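Understanding the architecture of this molecule
Okay, here's what each chain looks like letter by letter:
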Amino acid sequence: MEKMWAGRTAGAVNSIADDFNSSIHIDSVMYKQDIKGSMAHAAMLSAKGIISKEDSDLIISALGDILSDIDSGRLEINPEAEDIHMFIESVLTERIGDVGKRLHTSRSRNDQVALDTRLYMRDKISEIKRLLLDLLDAVVFVAEGHKNDIMPGYTHLQRAQPITFAHHLLAYAEMLKRDIGRLCDAGARMNYSPLGACALAGTTYPISRAMTAEALGFDGYCQNSIDAVSDRDYCVELLSAFSLIMTHLSRFSEEIILWSSWEFSFVELDDAFTTGSSIMPQKKNSDMAELVRGKCGRVYGDLIGTLTMLKGLPLAYNKDMQEDKESLFDATETVARCLEVFAPMVRTMKVKSENMYAAANRGFINATDLADYLTKHGMPFRTAYKTVGEIVSRCIKENTVLDSLPLEVYKTYSELFDEDLYEEISLKTCVGKRISEGSTGPCSVDTQIENTKNYIKQMKEV
Ligand code: ARG
């Protein structure tokens, strides 16, 4: 293909170098954004008297045709083209001749690619926010169905204190809300138009950057033309927001994998989200959760790759920056696909509350509450802690639990113990009496569910 930039050189690039240089395999997904940006640019050029109204109208209508031809599959994107910007401009010129060549007045691919990427990611951010809301919705749905189901809460993966399954799930709801918040923040910061920065120095034509910025739905335009074409902070911000989403999904995945094991048997994933083994007939594997956990590493790699690509780059545009889209788009699709499978997987999982309860009943997880019992009857906490530790140790030796130890035995440790201790350390009381804000107690869990539902409703409206 003849290079549009042939002139200074003959444009005859070695074919291996040509393939190496090309980015069409990755940037062709931005064809819509590229065309939209070009339409706004053409309209502005004519509004400012830089090209004629007729030329601008012709360019805009031809671009509209190209858009619908690509959408419908009538026009195939040529994989031999250098990039999507060159491809669309070359089709335009093929179709309308010299008028098409006027489009690139006061524009460079440097501001064009920066524009397209921002527009493309703006749409993708909305898609990922929607997917996060779907997962949030699934989490609240399961939480609401298991408000009173008691399970052991863990620290160090050792049974620690009784909590409800709803409370545990709602911890993920908070993470997901912050994830959405981060995308909103990054989206707002990047919503400034680089168009009109041209190669780096701006232009001698009387363009209006404000006009194209407004037409394309930006909150304004980038203030410094050199920064406008050099800045890839938004890629890093988004990649870091994506990385945190994957961190959360990987932790959730890990728990689902553990809970699905025979050893825990707290949940059973729906068959539709599991696979069997090719050799072991008894297997039901949580492959989806494992894959999500695995893909987390890939997204971190995209983040670190982009940071490393940018490190030490001189201003303004350098071809290194073409690599940004490889990482950014890979992470975007990975996160989207993970969220897509995660929400229905969570929504349909079967919760085995009886096993959770049994596990909670066996691990001395009411020991803190027994210590609190003594403290409330006047014993200093540290002394109570030590006394209960000794009682637990005795129970372990005698293969019994706190709830079954006779009162006479309790009395040998402290006269403060009385019949009501059993009620006080029942799992139901331990959970039910947690009254602090954000705790596992029913009042707090109800508030969390209510707040999250309101949040989802409000976010779906915007
Ligand atoms: N394909 C290029 C990229 O993605 C577009 C910008 C090219 N600019 C240039 N000066 N060669 O970065």
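Described below are features of the structure shown in this document. (Residues numbered from 1 in each chain as written. Predicted model: local features only at pLDDT ≥ 70, side-chain atom pairs only at ≥ 80, totals over all residues. Heavy atoms only, no water.)

1. Observations concerning the side chain of Ser23
Tracing the sequence through the fold places Ser23 in the loop between α1 (15-21) and α2 (24-27). The buried category is assigned to Ser23, whose relative accessible area is 2%. Within the structure, Ser23 has its side chain in polar contact with the side chain of Asp27 (distance 2.5 Å). Residue contacts for Ser23: discarding those within four places in its chain leaves Glu82, Asp83 and Gln322. (Helix = DSSP H or I, 4+ residues; strand = E, 2+ residues; numbered from the N terminus. Buried < 20%, exposed > 50% of the residue type's maximum accessible area, 1.4 Å probe, protein only. Polar contact = N/O pair within 3.5 Å; in protein donor to acceptor, adjacent residues only side chain to side chain. Contact = heavy atoms within 4.5 Å.)

2. Quick notes on the site of the ligand
Around the ligand lies a shell formed by Ser23, Asp27, Asp83, His85, Arg109, Asn110, Val113, Tyr317, Gln322 and Lys325. Asn110 is positioned with one of its side-chain polar atoms (N or O) 2.9 Å from a nitrogen atom of the ligand. Taking 340 Å² as the accessible area of the ligand by itself, protein coverage stands at 86%. Counting residues per element, the shell around the ligand draws most heavily on helix α6 (residues 109-145), which supplies three residues. Here the shell around the ligand is built from residues that sort into two nonpolar, four polar and four charged. (Near = heavy atom within 4 Å. Areas by Shrake-Rupley, 256 points an atom, 1.4 Å probe, with all protein chains shown as cover. Nonpolar A, V, L, I, M, F, W, Y, C, P; charged D, E, K, R; others polar.)

3. Some remarks on unusual backbone geometry
Geometrically, the link from Leu315 to Ala316 is a cis peptide bond, its omega value of 0° lying close to zero. For Ala316, the position within the fold is in the loop between α11 (287-310) and α12 (324-347). At Ser265, a position not held by glycine, the phi torsion is positive, near 50°. Examined against the element boundaries, Ser265 turns out to sit in the loop between α10 (233-260) and β3 (267-268). Of note in this structure, Asn399 is not a glycine but carries a positive phi near 55°. Take Asn399: its relative accessible area is 72%, and that puts it in the exposed class.

4. Re the state of the cysteines
Tallying each qualifying case throughout the model produces zero disulfides. Not engaged in a disulfide, the cysteine Cys338 finds its nearest cysteine sulfur in Cys296; these two sulfurs lie 8.8 Å apart. Counting only cysteine sulfurs, Cys430 is the nearest neighbor of Cys395, a cysteine outside any disulfide, at a range of 14 Å. Exposure remark for Cys395: the relative accessible area of 0% places this residue in the buried category. (Disulfide = S-S within 2.5 Å.)

5. Let's talk about the pattern of salt bridges
Taken as a whole, this structure holds 32 salt bridges when the rule is applied. Close ionic contact of Lys433 with Glu424 constitutes a salt bridge, the shortest N to O distance being 3.1 Å. The network of salt bridges with common partners includes Lys124, Glu127, Glu333, Arg337 and Glu340. (Salt bridge = Lys/Arg side-chain N within 4 Å of Asp/Glu carboxyl O.)

6. What about helix α4 (residues 53-72)?
The first and last C-alpha atoms of α4 sit 28 Å apart over 20 residues, in line with the 28 Å expected at 1.5 Å per residue. All of the buried residues along α4 are Asp55, Ser56, Ile59, Ala62, Leu63, Ile66, Asp69 and Ile70. The arc that holds every buried residue of α4, seen down its axis, measures 150°, which confines them to one face. For α4, exposure combined with an orientation more than 90 degrees from the buried face picks out Lys53 and Glu54. Looking at the buried residues of α4, the elements they touch are α3 (31-47) and α5 (84-96). Phi for Gly73, located one or two positions after α4, is positive at around 90°. (Expected span 1.5 Å × (residues − 1). Arc of directions from axis to C-beta.)

7. Section: the nonpolar core
In terms of nonpolar packing, the biggest core is built from 75 residues, with Phe165, Phe242 and Val346 touching the most fellow members. Listing elements by their share of this core, those giving two or more residues are α6, α7 (165-190), α10, α11, α12, α13 (353-361) and α19 (442-461). The leading source of residues in this core is α6, at 15 residues. In this view, Val346 contacts Leu135, Ala138, Val139, Val142, Phe252 and Ile256; residues no more than four positions away in its chain are not counted. Ile50, Ile66, Ala81 and Val91 belong to the second-largest nonpolar core, a separate cluster that totals 24 residues. (Core = buried A, V, L, I, M, F, W, Y, C linked by side-chain atoms within 4.5 Å.)

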